[in-house]
Amino acid sequence: MEFRHLRCFTVLAEELHFGRAAQRLAMTQPPLSMNIQQLEASVGARLFERNSRGVALTAAGLAFLPRAQALLEQAALAAREARDVGQGLAGQLQIGFAGTVLYRGLPQVLRDFAAAHPKLRLALRELSSSEQLVELVHDRLDLGFVHTTRVPAGFSQILVSSQPFMACLPSTHPLAKKKQLSLDQLKGEAFAIVMRAVSPDYHDRILAACADAGFEPSLAFELRHWLSVVSVIGQGLGVGLVPAALAQAGLPGVVFRPLARPLLPYDTHCLSKDGGHHPALLAFLDMVRRTSAALTSG
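Okay, so let's go over this structure. Remember, it's a predicted structure, so these values are computed and weren't measured experimentally. (Residues numbered from 1 in each chain as written. Predicted model: local features only at pLDDT ≥ 70, side-chain atom pairs only at ≥ 80, totals over all residues. Heavy atoms only, no water.)

### Description of the overall build of the protein
Helices and strands together make up the secondary structure of the protein, namely 9 helices and 12 strands. By the compact-globule yardstick of 19 Å for 298 residues, the protein is too spread out, its C-alpha radius of gyration being 32 Å. Principal-axis analysis of the C-alpha atoms places the extent of the protein at approximately 105 × 40 × 30 Å. Within the protein, buried positions represent 42% of all 298 residues. (Helix = DSSP H or I, 4+ residues; strand = E, 2+ residues; numbered from the N terminus. Rg over C-alpha atoms; globule rule 2.2 N^0.38 Å. Buried < 20%, exposed > 50% of the residue type's maximum accessible area, 1.4 Å probe, protein only.)

Structure follows, in structure tokens:
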């Protein structure tokens, strides 16, 4: 039994006329009759009654018709899904992201991409930059949104956003009324910071900036997430230097103040392995480029 047999059968069942069915199928009547005979031989039952008045389905034909139609519909659906995946219109992408990307970069990309590619499923995993690099190397992620410049060879990166560091203080802190702070004004304060194992680049950068300002910060809290850093500061337990986007988190009890001498910016990059990009990944990376161009120019 072949799909061409099923196609001939269903069209003839709809038309109940060999001439009209052959015309719809773009063939002559003899090949149509041959296909029906081959199908009946394969099924082991007569599917049509043929007489001088025309063509009619047998009881076996009536029973076979809905199954034949379902098989053809499933085959068409399978072909459409395969074609959509091949063209990057459907499928799934495994995406890693560091938490602060939720406040600048990732939501814009996801909204734009979902609108343009509604059949593509995005599976998102929140991981530190270091964790994402491990997953990317082992092909357990298709791409990742990271905050690190320590990228292994064989990866491409797109700058998604660039934002300044700001001083984060309890709203009750004496310096909270200042419009701008110099880093040396935080000397002697208890600091909350993201731990080095999670974000080595920015952990080291903050310590180096404090050293340039003439002091070694007292690290009272070393935490896994920037939001945890801001939360601890909101409880009045310390101060910190955090990416500006965290001001959008709306956590209570904190204020954010620009630094008189800005630090190097906090950059977000989208990483993916070089080569072998499938259509869905290429489509997503194209959206990242377009969205990030607007973010970094704004």
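We are not done yet, so read on.
### Topic: the environment of L136
Along the polypeptide, L136 turns up in helix α6 (residues 129-137). The exposure class assigned to L136 is buried, which follows from its relative accessible area of 1%. In this view, L136 contacts L141, D142, L143, G144, F155, L271 and K273; residues no more than four positions away in its chain are not counted. (Contact = heavy atoms within 4.5 Å.)

### Side note on the sheet that holds strand β10 (residues 240-243)
The sheet built from 3 strands is open, its strands ordered β10-β7-β11 with antiparallel pairing. The open sheet has two free edges, formed respectively by β10 and β11 (254-258), since each of these has just one partner strand. Ignoring strand direction, the axes of neighbouring strands in this sheet form an average angle of 45°. Sitting on the sheet, helix α8 (residues 226-234) touches β7 (165-170), β10 and β11, and the angle it makes with β10 is about 135°. (Pairing = 2+ DSSP bridges. Axes fitted to C-alpha atoms, helices over the stretch in contact; angles between N-to-C directions.)

### Digging into the pattern of salt bridges
Tallying each qualifying case throughout the model produces 11 salt bridges. When the shortest N-O distance is used, the salt bridge between E135 and R125 registers 3.1 Å. In this pair, E135 is assigned in helix α6 and R125 in strand β4 (residues 120-126), connecting sequence segments 10 residues apart. Among the salt bridges present, the one from D286 reaches R290, with a minimum N-O distance of 3.0 Å. Taken together, the residues D286 and R290, both in helix α9 (residues 279-297) and 4 residues apart, mark about one turn of the helix. When its relative accessible area of 34% is taken as the criterion, D286 is described as partly exposed. Beyond isolated ion pairs, a larger network of salt bridges with shared partners links E14, E15, R20 and R24. (Salt bridge = Lys/Arg side-chain N within 4 Å of Asp/Glu carboxyl O.)

### Observations regarding the nonpolar core
Ranked by internal contacts, the top residues of the largest apolar core, which has 37 residues, are L186, W226 and L241. For this core, the elements supplying multiple residues, two or more each, are β7, β8 (190-194), α7 (200-212), α8, β10 and β11. Excluding anything up to four places from it in sequence, W226 contacts T100, F165, V194, Y202, I206, L241, V242, P243, L246 and Y266. By size, the runner-up hydrophobic cluster in this structure holds 21 residues, among which are V101, V109, I158 and M287. (Core = buried A, V, L, I, M, F, W, Y, C linked by side-chain atoms within 4.5 Å.)

### Things to note about the sheet that holds strand β5 (residues 143-146)
By way of backbone hydrogen bonds, the strands of a sheet pair with one another, either parallel or antiparallel. As summarised here, the arrangement of the 5 strands in space is β4-β3-β5-β12-β6, forming an open sheet in which the pairing is mixed. Of all strands in the sheet, those with a lone pairing partner are β4 and β6 (155-163), marking the two edges. Taken over all neighbouring pairs, the strand axes of this sheet differ in orientation by 20° on average, direction set aside. Relative to β5, strand β3 (residues 91-97) runs parallel, the two sharing 3 bridges. Across the sheet, G96 pairs through a bridge with G144, a residue of β5. Sheet strands touched by α6: β3, β4, β5, β6 and β12 (266-273). Its angle to β5, the strand with the most contacts, is close to 165°.

### A look at the pairing of β7
On a regular strand, one side chain projects to one face of the sheet and the next to the other, so that they alternate. Summarising burial for β7: 6 of the 6 residues are buried, a large majority. Pairing of β7 with β10, which is carried by 4 bridges, proceeds in the antiparallel orientation. Looking at β10, one finds that M166 is bridged to V242. Pairing of β7 with β11 involves 5 bridges; the strand directions are antiparallel. Paired with A167 across the bridge in β11 is R257.

### A look at helix α5 (residues 106-116)
Residues of α5 that are buried: L106, V109 and F113. The arc that holds every buried residue of α5, seen down its axis, measures 65°, which confines them to one face. The outward face of α5, more than 90 degrees from its buried face, is lined by the exposed residues R111 and A115. (Arc of directions from axis to C-beta.)

Read these as geometric descriptors, not functional statements.
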